[in-house]
Structure formats: structure tokens, C-alpha cells
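The residues making up each chain are set out below.
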Amino acid sequence: MSLLTLFYLLIFPGLLFTAVLGLSVGWVDRKLSARFQFRVGPPFFQNFYDFIKLLGKETLIVRDSVQSLFIAAPLIAFAALVCISALIGVALFFGASFIGDLYVLMYLLMVYSVMVILGGSATGNVYSSIGAGREMKLLLADELAFILVCLVPIVKAGYEIRLSEILSAQQLGGAFIASPSGILAFLIALICIQAKMALPPFNIPEAETEIVEGPFMEYSGPPLAFWKLNHFMMYVFYPFLLILLFLGGFSAGGWGVLWFILKYLLIVVVMIIIKNTNPRVRIDTALHFFWNIAFPVSLVALILAVLGV
Amino acid sequence: MSTNQIPVGPFHPLLEEAEYFNIKVEGETVVDIEMDIGWMHRGHEFISEQKTFTQSIFLVERICGICSTSHPIACVHAVEDIDNIDIPLRARYIRTLIGELERIHSHLLWLGLAGHFIGYDTLWMWAWKYREPVLQMFEIISGNRNHYGMMRVGGVARDVDPDALPALLKILDEIDAKMEMIAKAANDDPVLKSRLKGVGVLSHRDAIDYCAVGPTARASGVKTDVRKDEPTDAYDLVDFEVIVTQAGDVYDKTVVRLLEIMESSKIIRQCLEKLRSVSGPIVNNVKEISPGEGIGRYEAPRGEVFHYMRSDGSNRPIRHKVRAPSFVNIPTFTASCKGIPLADALITLASVDPCYCCTERAIRVVGHAEQAESIDLLRLSREKTERIRRTIHGA
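All values reported here derive from a predicted model rather than from experimental measurement.

A tally of regular secondary structure across chain B gives 16 helices and eight strands. In summary, chain B has a C-alpha radius of gyration of 22 Å against a globular reference of 21 Å for 395 residues, a match within 12%. Along the first, second and third principal axes, the C-alpha atoms of chain B reach 65 × 60 × 35 Å. Per-residue burial for chain B yields a buried fraction of 47% across its 395 residues. Contacts in chain B between residues far apart in sequence, at least 24 positions, make up 70% of those at least 6 positions apart.

And the structure:
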């Protein structure tokens, strides 16, 4: 492993960058949500304080749990998320990628959900196990539509399964969102990401007033801190992924940086608006939505993309 | 498929009060539900029997923080029933005014909580923001935001300042506009509808069988409302509708409450209008209560609240019995929660707007000498009735 790879993984655009930006964007989320609800909202550093405070707290482990799995789950999920953010970031900012990296990305994204399921099941708590079950159903629901809409940019880039090819195709021929298939795929991807991040209306696995945070219920101290950090990191790389696949990526020259920040904030704000204007749906409603509505729409988007529209 | 037990309570984020529901689920489907109350017992009836009548009214106001004037109204009705005490016309309007204001604030509080329970925190915060002007009206009238201390045997304790009427009407206009907005939003939101329609249905038959009261019964098509059935205070002098819907699901319970807020606003307008013209005393001085018994009923926001008072001619009640609406509404879960998904069952639990501190006036003590079973509770109750009979008849 070269020094540069380590830099990519640990500093930029990997661990440090994603974590710091994620916690900061977490503040945007909390502040904006608070303003939606006529509240004041937390100070900027609140998420940092929370994370550091949790690191210093005691870790309580349920006696009957599978202890190694219980502790390993948040860390493996964290490692997977660091890899994802490095993968997306490197493609986005440096144009470096390898053949089939989008596939690797898909697998890594699933690793997070699997770790939520394993971590939740490891405790033996009823709330956690129901939450893990719901996470599994939600994964089954959103995965198909999400994979299909991710195929749309691949098709539009001339059947190239490389993030850098997708980017350069957009830089030559304009962002994919400008086409009918692109905008359909973008909208479905946005909703799928809402489900993958377990934000309302799809915060079904964590449903506080039903199953008390579900899979995360028994977590405390540093493992909980990592789950929280994982959640905030997703606020960074999911919008980045959308920008990469549909919105034309990042260019350093001229207004490029400002334009990129604008695109990023736009996606985050749309996510927060969806989050604050919807009640939590039932798991069967979510399944129905993803299989009977999102799946056909994404299939149409894919067919349109194949037809070149 | 194996059955899992989901404990909701004694401490659970769903209901901020202490209660216990043991929900048995197969996968996510509720197959059975057990209820256990008694975590909030504070011995109010016993304390009340140590106090004078006036102090009792002050005490029962503390039974519940949300319907904090329903209990005093029912309680003064009970005491007035002993001696058939008449109250001045102005006091009747003031009582109705306070009671209806409380209905608005209680229903808004429920609406907010219901929003929170289905994960719609924005609705929660908005409903509670619009509840704030109601509390301001209370503050203008009584000086308190909660626990108004307005009821006295024979009338009310505090007059409504005639100069405050325009300000009160202005705030009421504000509330009406917001209510229309919320009702419209609830009616237009497809996600909200899909989440609440057809959920936790309490059929007309079950509502009657379980003796449900209040909005819970009215949403199932049972036209029961103490305000119309047995009008007291100014309820026979004002014009209002009893809201009844037929479906019995959570959506209809929401609709009933939202429409009731609007009806309450109508009643308050009429009361404020009358308070301009009707003058006179606000309380009949009651010097003593003769021996006898009386009952008081009042339509609290959650349904009928019932008070029973027995006097032996002294200044203290020798028996005070309270029956709160949640006590009969909570068992309806057996009918409405079986066979539905867990996510629906939990909003159904909240949909009757259960109030545990109202409900719980008896407790089963386990430990010490022997373990008491529920049959002992019946025995204890009968023994107590016997004791009261002996004190009355001196046998």
C-alpha cells in the first residue's frame, strides 16, 4: 500500500475529510430541521461534542449477546464506509478509478446494512431483533431499484463500468440529469438513499417511538459513537455519489468549486426537506412503494437510457 | 412462527407516562395484547377524604395535568348534586368557557403527540406551537397556564375581566385560522392518510361492548357526549354539534378531535359574547353540605369523567370516587390491536389519548407479607364499601 493510498484512505477524501464534513453537515441537518419546527437548534460543534463525549463513556455489553459481533459490527461498518468515501472521493476529485468500481461500491454499501442487521441481532433484545428484521426488509426493498438506477449512468456512459468514465462522459456531453432517463433515475436514487440512510419517511428500522432505536438500542459509549459517526458520514458520500452519477461531478477550475458546493448543499437540503415533511411509513408500505412503484419507474429509466433518451 | 413479546412500558418513548402493555407478536403482526395499569397510583381518593370539600376540588385538579379542569368541574357537580345547589348564570358561562378552552389545548397536545408517534416531528412541533395561544388565553383569564383553580362549589373562583374580552377574541381568531390550516393539511397529505386510514379499527359493536367514551366512541359512530346527553353549566344555552364519524380508525379519531376543536371554538365565542351582557355574581356562597351523596359528570377531552361524593354533614367527604375516561378506553385495545402490524398497534395505543395518572386509583401491592392477587383487589374493595356503610349507618 503506497503512501498516497494511505493518504486517500485516511485523510482526503477518506476518513478525516468525510468524518469532519459529515459531522458539520449533521449540524446543517439538525439546525435546518429545528428551524422547520420553530426550534432554535444546536450550536455548530454539537455533533463533535456528542461524538467525543460518547467516546469517553462506558461501553455496556449485554451478558447474553454475541460480544465479538456486537463490538465488531459498528467498526466493520465504519471501515466499509471509509472505503466507500475514499472510492467515491478519489473518483470525484482525482478522476482515478478501476474497472468495476461501481460494483465494489454496491457491495460495500450493502456491508453497512448487513452490519446493522448483525449488530442488532447480536444483542438478543426484542426491540433490536425487530429493528434488524426491518432493516433487512428495507434492504430487500430498496436495493433492486437502487441498483437499476445506478445502471442508468453506466449505460449512458457507453456501457463503461468505471466511475471516471461516467464522469468524463458527463464532462463531454453534459450532466446525465439533463435527459429524461437521467432525471427519473436521479429522483428514484434520491428516494432510495433516503431509505438507505434510514431517514424519515423510511426510518422504519430505528423508529424511536415504536422499537426504541431498534438495532442501536443496546449500544453505548464508543460503539454508539461510531454508529452515529457512520450515519453522519453517509450525509457526505451519498450526495457525492449522486453528483458523480447524475450531476456532472467536480471541476477545480473557475466557478467549479462553488458550483460543486451548491450541488452538494442542494441535495442535502432536499433530503432534509423530505425528512421533515413526512411521517414514518409502515414497512409493508415501503416494500409496496419500492417494488410496485420505484422498481417499474427505474426499469423505464433504464430502458430509456438504452434507447438513448 | 414463534411468538415474541414486546414490552411497551413501564418506561417507553411511546407514552411518556408509566404504563405496561405486553404485546405478543408473530413477526410484526400483533396476536395478543395484555394491559397492566397501576404504575402511577398516588392515592388521590384517600387524600381527598382527609380534606375539606374546597380543598378536594383543589386536589382533584392535580389528578391530571392536561385535563386539569375536567376533574374539578365533575367534582363540583358532585358536591352540588348533594344539595341541589344552583349556580349563577355568569358562573355557568365561565365554567363552560374554561372547559372548552381546555378541550382545545388537550386535543392539540394529542395531535402533536400523535405526530411524534408516527415519526412526524414537524407536525408535533407545529401543533404545540399553535397550542401556545390557548395557554395564553388561560393566563389572561386565570393567571395560570395550567391548573387554573377556577372551580368552587356554587360557582367559580375568579371572574373574567370584561376588558380582556377583545384580546381573547383576537387570540381565538388566530387559533381558528391555524386550525383550518392544520385540518386542511391533514386532509390533503396522502402519506398521512395512507398511514392512518383503516388502522386500528374499533367497530361500532366493540365501542359499545367495551363502553368506550369520548372521541374514541364518537369516531366509531357512537353518539355519546355528556354535554348533550345531560347538559350542565351553559351547555344547554349554547349551540354546538356532537361530532360523530363512522370508520373507527385512527384517522377518524384525528378528524373527530380536529372538528371538536372547531366546535369548541364556536362555544367559546358564544360564551365570550354572553359574558358581555350577562352580569351578576359568580358564586353562590355555600355554607354547609348536608348528609347525602351526589354524582358529577363532565365530558372531559378524553370522554366522560365521573365523580362520586358522599357527605356525612361535616366539612369533609367521607367517600370520594373518581372514574376517568381512559379507564374504559384502554381495554378497547384488545378489540382494536389484534391482527394488525406492530407499527399500527402502537399508534392505535396512542389514539385513544390514554391518560394514566387519571386512570389509576387502585394498586396491587406485591411483596411484604403475601402476594396479593387481583381477586384480593375485589375483596379489598368490598371490605371498604362495608366499612363506609358501617360509618354511615352507625351499625
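This is not the end of the story, as more comes after the structure.
This part takes up the overall build of chain A. Helix and strand counts for chain A stand at twelve helices and zero strands. Reading the helices (α) and strands (β) of chain A from amino to carboxyl end gives α-α-α-α-α-α-α-α-α-α-α-α. For a compact globule of 309 residues, the expected C-alpha radius of gyration is about 19 Å, and chain A comes in at 19 Å, within 12% of that figure. Along the first, second and third principal axes, the C-alpha atoms of chain A reach 55 × 45 × 45 Å. The buried share of chain A, taken over its 309 residues, is 51%.

Turning our eyes to something else, we now look at the interface of chain B and chain A. If you look at the interface, chain B gives 25 residues, while chain A gives 23 residues. Only β1 (3–8), α4 (89–117), α5 (121–142), α7 (190–196) and α14 (342–351) of chain B provide two or more residues apiece to the side of chain B that touches chain A. Residues of the side of chain B that touches chain A, tallied by class, amount to 13 nonpolar, seven polar and five charged.

For the rest of this paragraph, the subject is unusual backbone geometry. Here the amide bond leading from Phe12(A) into Pro13(A) is cis, since omega sits at 0°, within 30 degrees of zero. Structurally, Pro13(A) can be placed in the loop between α1 (3–10) and α2 (15–36). With an omega dihedral of 5°, the bond running from Pro200(A) to Pro201(A) counts as a cis peptide bond. Within the secondary structure, Pro201(A) is located in the loop between α8 (180–196) and α9 (208–211). Its identity as a non-glycine residue notwithstanding, Tyr159(A) has a phi of 55°, on the positive side. Within the secondary structure layout, Tyr159(A) lies in the loop between α6 (126–156) and α7 (163–173). You will see that Asp233(B), though not glycine, has its phi angle at about 50°, which is positive.

Our focus in this paragraph is the confidence of the model for chain B. Close inspection of predicted coordinates is inappropriate for parts of the model with low pLDDT. Residues of chain B with pLDDT of at least 70 account for 91%, and the chain-wide mean is 83. Of the two predicted TM-score estimates for the complex, the pTM is 0.84 and the ipTM is 0.81.

Bringing the sheet that holds strand β7 (residues 303–311) of chain B into the picture now. Residues and elements named next belong to chain B. If you trace the three strands from one edge of the open sheet to the other, you get β6-β7-β8, paired in antiparallel fashion. With one partner strand each, in any of the chains shown, β6 (292–300) and β8 (317–323) form the two edges of the open sheet. On average, each strand axis in the sheet is tilted by 15° relative to the strand beside it, whichever way the strands run. With six bridges connecting them, β7 and β8 associate as antiparallel partners. When the sheet's bridge partners are listed, Ser311 is paired in β8 with Pro317.

Let us look at the environment of Val281(A). Within the secondary structure layout, Val281(A) lies in the loop between α11 (256–276) and α12 (283–307). Considered as a pair, Val281(A) and Phe202(A) are 79 residues apart in the sequence and their alpha carbons are 6.4 Å apart.

Residues and elements named next belong to chain B. An order of β1-β2-β3 is seen for the three strands of this open sheet, with the pairing classed as antiparallel. Each end of this open sheet is capped by a strand with a single partner; those strands are β1 and β3 (29–36). Adjacent strand axes in the sheet meet at a mean angle of 20° when their direction is disregarded. In terms of strand pairing, strand β2 (residues 20–26) meets β3 through seven bridges, oriented antiparallel. Pairing of Glu26 across the sheet is with Thr29, part of β3.

Another aspect to go through is the packing of helix α5 (residues 101–121) of chain A against α6(A). Residues and elements named next belong to chain A. Two elements in contact, α5 and α6, have axes whose closest approach is 9 Å; the angle formed by their N-to-C orientations is 175°. In terms of orientation, α5 lies roughly antiparallel with respect to α6. On α6, the residues touching Leu102, Met106, Ser113, Val116, Ile117, Gly120 and Ser121 of α5 are Ser128, Ser129, Gly131, Ala132, Glu135, Met136, Leu139, Ile147, Cys150 and Ile154. Across the contact of α5 with α6, the residue classes tally to ten nonpolar, six polar and one charged.

On to the nonpolar core, then. In this structure, Val149(A), Ile188(A), Leu244(A) and Ala286(A) are the most contacted members of the largest nonpolar core, which totals 204 residues. Setting aside residues no more than four positions away along its own chain, Leu244(A) makes contact with Ile88(A), Ala91(A), Leu92(A), Leu163(A), Ile166(A), Leu167(A) and Gly249(A).

Moving on, we come to α4(B). Residues and elements named next belong to chain B. The end-to-end C-alpha distance of α4 is 42 Å, a good match for the 42 Å that 29 residues give at a rise of 1.5 Å each. Taking burial as the measure, the 29 residues of α4 include 26 buried ones, the bulk of the element. A positive backbone phi angle near 75° is found at Gly119, which sits one or two residues after α4.

Take the packing of helix α4 (residues 67–94) of chain A against α5(A) next. All names here are of chain A. At their nearest, the axes of α4 and α5 sit 9 Å apart, and the two run at 160° to each other. As judged from the angle between their axes, α4 and α5 are roughly antiparallel. Regarding α4 and α5, the two cross each other, and that crossing is left-handed. On α5, the residues touching Leu69, Phe70, Ala73, Pro74, Ile76, Ala77, Ala80, Leu81, Cys83, Ile84, Leu87 and Ala91 of α4 are Asp101, Val104, Leu105, Leu108, Leu109, Val111, Tyr112, Met115, Val116, Leu118 and Gly119. Class assignment for the residues of the contact of α4 with α5 results in 21 nonpolar, one polar and one charged.

Residues and elements named next belong to chain B. Within the fold, Thr224 resides in the loop between α9 (214–218) and α10 (226–229). Note on Thr224: 20 C-beta atoms within 10 Å, which makes it buried. A C-alpha to C-alpha distance of 31 Å links Thr224 and Asn144, two positions 80 residues apart in sequence. Here Thr224 is in contact with Val213, Ala217, Arg218 and Asp229, once residues within four sequence places are set aside.

Residue and element names in this part refer to chain A. Relative to the 32 Å expected for 22 residues at 1.5 Å per residue, α2 spans 31 Å between its end C-alpha atoms, a close match to the ideal helical length. Restricting attention to buried positions, one finds in α2 the residues Leu15, Thr18, Ala19, Gly22, Leu23, Val25, Gly26 and Asp29. Looking at the buried residues of α2, the elements they touch are α1, α3 (46–55), α4, α10 (221–246) and α11. Immediately beyond the C-terminal end of α2, within one or two residues, lies Phe38, with a positive phi of roughly 60°.

A few words now on the environment of Ala234(B). All names here are of chain B. Here Ala234 lies in the loop between α10 and α11 (250–277). For the pair Ala234 and Tyr93, spaced 141 residues apart in sequence, the C-alpha separation works out to 5.4 Å. Apart from residues no more than four positions distant in its own chain, Ala234 is found in contact with Arg92, Tyr93, Thr96 and Cys271.

Reading the values: rules and limits
- Along each chain, residues carry numbers from 1 onward, in the same order as the chain's sequence is written.
- Whichever chain is written first becomes A and whichever ligand is written first becomes 1, with later ones labelled in order.
- Under the rules for a predicted model, residues below a pLDDT of 70 receive no local features and side-chain atom pairs below 80 are neither given nor counted, while totals for whole chains, interfaces and linings still include all residues.
- Numbering of helices and strands runs from the N terminus, with a helix taken as a DSSP run of H or I at least four residues long and a strand as a DSSP run of E at least two residues long.
- The globule rule is 2.2 Å times the number of residues to the power 0.38, and the radius of gyration it is compared with is taken over C-alpha atoms.
- To assign burial, the other C-beta atoms lying within 10 Å of each residue's own C-beta are counted, with C-beta atoms placed from the backbone; 20 or more indicates buried, 12 or fewer indicates exposed, and intermediate counts indicate partly exposed.
- Placing a C-beta atom from the backbone of each residue, one calls two residues in contact when those atoms lie within 7 Å.
- Note on residue categories: nonpolar means Ala, Val, Leu, Ile, Met, Phe, Trp, Tyr, Cys or Pro, charged means Asp, Glu, Lys or Arg, and polar means any other residue, Gly included.
- pLDDT is defined as a per-residue confidence score from the predictor, taking values between 0 and 100.
- Strands qualify as paired when DSSP identifies two bridges or more between them.
- Orientation is described by axes fitted as lines to C-alpha atoms, over the contacting stretch for helices, and by angles from 0 to 180 degrees between their N-to-C directions.
- An angle below 35 degrees is treated as roughly parallel, one above 145 as roughly antiparallel, one from 65 to 115 as roughly perpendicular, and anything else as oblique.
- Residues of type Ala, Val, Leu, Ile, Met, Phe, Trp, Tyr and Cys that are buried and joined through C-beta atoms within 7 Å form what is called a nonpolar core.
- Expected span of a helix, by definition, is 1.5 Å for each gap between consecutive residues, and there is one gap fewer than residues.
- Helix crossings get a hand from a simple test, with the near helix turned counterclockwise from the far one by less than a right angle marking a left-handed crossing and a clockwise turn marking a right-handed one.

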